[in-house]
Each structure stands twice: as C-alpha cells, then as structure tokens.
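Breakdown of the fold
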Amino acid sequence: MDFGAFGYVPILGVRPSEMQALEELSPQVKIGILPYIILQPWTTAKEFPSTLAKITACSSGKPIIVDLTDEIFDGNRRPVHAALDLLRDSKDGYVNWRSFIEEQSTFTPAIQLRVPNEIWPQIVAFKALGRGVVIRLHEQIFSSAKDIAKLFKSFPSNEDVYFIIDFQKQDKNILTKALIAYNTCKSIRDEIPDCFISVSASTFPSSFTGIAEQEIFERQFYNLVAAELGTQRNIYCDRASVRAEKQNGGGGSPAPRIDNAFAAKWKFFREAEEEDREEAYQMAAARAIECPEWKDQGIWGTEMIKRTAAGQDNAIYSPKLSTSARINIHLHTQSGSDDQDGEVEWTDL
C-alpha cells in the first residue's frame, strides 16, 4: 500500500447516507481518497456478505481501510452479528480477523488493539500481506502510541504503516489539544520515522438551533499539528462531516435542513417552522443556492440541492438524503478535487 498516493482519509460507517455519499463521488475523487470504513451490519440485512457487497459497490472495488465496530449488539440479533463477534474474537492473535483480511484483496486492515498481547501476531501477518497496516488510537490509549510503534522497529521499512490519532467527538476546543496530538505523533515518529500519520476528530454539531454555520475545526487542527510536525508523510483525516458518536432515536424527525460543505466551514439552512416538510426542504435548498458562497460544483451533492430547490422528483425530502448530499460535497471538497484540473462532473445517467 502506497499511503503517499492519498491526500484524504475519511472515516465512514456502513450506513445508507454515508455509503451513498461515497458511491456518488466521481471516479477522479475515488482515486485520490482512501476511505476508512468501520464494519457494521448493513441496515436490516441478516447476513454479513450483504455488508461486504455494499462496501465493494460503493467504493467501486478500490482499496479501502477496514476496521471493526466497537458496538456490542444485543436485543434482536441476526447472523451478521455473530459473524462480527467472530471477527472480534482475540484468540490466537485475532486469527479470524486475519483470515478474513487475507480473503479480501482490496482491504487494508486496522490492527485490533483491545488485547495488547494479540497485537504482534497481527502485525506480522499483515506486514506479510503487503497491503499496509493501520493503527487507529483513541484518546484513552494515546499513551500506548510509543510502545505500539516500537513493535515495528524490527522491520527494515515502515512506509506501509499508518497511524491515526483519533480524538473522536470534539468541538472548537480541539484546537487546544494540538500539543497533545503533536507529542503523540512525535513519539511515534521517534521510533519509526518513515511511517504515515493522521490526526482526526469529529466537530460536526449535535444541535442546530440558532446555528447557521460552523467552522471545520478538524482542518484547522490538522494544520496546527502539521505545521509543527512537518508536512511529510501526513494525511488529512476526518469523520466525513459525520458525528463520531451514535445518535439515539426519539423526538421525531429533525427539522428539514439542507447543509452545504465548504473547505473551511459548514453552512446550515434550517426550516423549523414550516409544517409541509417537502416544501420546507425546497425553501432550505433555495436559500442554500441563494447564499453568496454557493458554488455549483456539478457533483451529485450540489445537483441534489438544485433539484430540491426546483421542486423536482428524486430530490432531498428526508434527513437521510440531506445527510448524503452534505457528506458527498464534503468528501469532494476535502479531497482537494476543486484544486485539480480536468475534474469530470457528475452526471445523472
């Protein structure tokens, strides 16, 4: 795996809004990004192969990083839950996880870290595969970064190793943690200087009452850390404008809202008082287009906003499609595609 070939790593779940946003990206964007996908059941599908089929379709069979969800499933369990339990079984160095990865030729594995004594067998196996090795550290285990990096020192090269320093759910105060991020990254680089590193978080808001826009603090955070660490072998990584935590149900459907994603901020167009939800989405989309910062990028996400404003069929009339459109625009923008020549626009075939 040549991690240097990618300029952006979005962390995604196997959820309808996220998978559609990925699937609708132009081929040029898909080439330049390396999705990090957390494996979980695909909607109500019973079997695990349904999840794999959806991921492959949405990524167009291109390389992706895969990891396992930490969510423990209870209640109405299906065969897919049992399959994921087997992959999470730590015995014999996560032998089930290693076997699964070997069978999936386009998957780059994330090391499972829950049982420290079972990390080394995974490193040996995945290094031998030659598809790259990924380590995603949550804030609670940043102190382990140096020790995990030391495990790779016996290998002659670690250009195929990629650490993600994941701060998960954050807000604007993430900027005050730049020193923590820098020190964690430096502790890794001191051991294996040729590896790739990202810092990541999700600062997407959890409430939209009275909020018309918000800065993308993840990008500011990355810039702060990269300025100190140096720009070599760093990759921008975020949660693709998705919250890091699971959203619980209840309270009814959210107020109709159209979001737009720019390089440095999100803008939110919310219609909380309109009773006719379809009309409310149209009004929100019209305000998005009338915004001075609106840019018609010719991609799926902006086309969907235009369709909605025009009152057309197959437009944004649900939270799921609103989310898909925002994520699609965010992925396109953060990939740097707006700065590339020869971008092929999305077309509705």
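Before reading further, recall that the structure is shown in the block above.
Here goes a summary of the coordinates provided. Not measured: the values here are computed from a predicted model.

About the thresholds
Residues numbered from 1 in each chain as written. Predicted model: local features only at pLDDT ≥ 70, side-chain atom pairs only at ≥ 80, totals over all residues. Heavy atoms only, no water. Helix = DSSP H or I, 4+ residues; strand = E, 2+ residues; numbered from the N terminus. Rg over C-alpha atoms; globule rule 2.2 N^0.38 Å. Buried < 20%, exposed > 50% of the residue type's maximum accessible area, 1.4 Å probe, protein only. Lys, Arg positive; Asp, Glu negative; His and termini not counted. Charge placed at Lys NZ, Arg CZ, Asp CG, Glu CD. Salt bridge = Lys/Arg side-chain N within 4 Å of Asp/Glu carboxyl O. Contact = heavy atoms within 4.5 Å. Polar contact = N/O pair within 3.5 Å; in protein donor to acceptor, adjacent residues only side chain to side chain.

Helix and strand counts for the chain come out as twelve helices and eleven strands. The C-alpha radius of gyration computed for the chain amounts to 20 Å, which stays within 12% of the reference 20 Å derived for 349 residues, consistent with globular compactness. With the C-alpha coordinates aligned to their principal axes, the bounding extent of the chain is approximately 60 × 45 × 40 Å. Within the chain, the proportion of its 349 residues that are buried is 53%. The averaged location of the 49 negative side-chain charges in the chain is 4 Å from the averaged location of its 38 positive side-chain charges.

Attention shifts here to the pattern of salt bridges. Using the criterion set out here, one finds 23 salt bridges in the structure. We note a salt bridge from D166 to R239, for which the minimum N-O separation is 2.7 Å. Of this pair, D166 sits in strand β6 (residues 161-169) while R239 sits in the loop between β9 (236-238) and β10 (257-261), and the two are 73 residues apart along the sequence. For D166, a relative accessible area of 0% gives the class buried. Between E213 and K267 there is a salt bridge whose closest N-O contact spans 2.7 Å. Of this pair, E213 sits in strand β8 (residues 213-215) while K267 sits in strand β11 (residues 265-270); the two residues are 54 residues apart in sequence, bridging distant segments of the chain. Put simply, D67, R136, D166 and R239 are held in one network by salt bridges that share partners.

Moving on to the side chain of R88. In this structure, R88 sits in helix α4 (residues 79-88). When near neighbours in sequence (up to four residues on either side) are disregarded, R88 contacts L68, T69, E71, I72, F73, Y94 and R114.

Moving on: the environment of R239. Overall, the relative accessible area of 8% leaves R239 in the buried class. Sequence-wise, R239 and F204 are 35 residues apart; in three dimensions their C-alpha atoms are separated by 8.7 Å. When near neighbours in sequence (up to four residues on either side) are disregarded, R239 contacts I11, R136, D166, Q168, S200, A201, S202 and A244. In terms of polar contacts, R239 uses its side chain to reach the side chain of D166, at 2.7 Å.

Function cannot be inferred from these measures alone, as they are strictly geometric.
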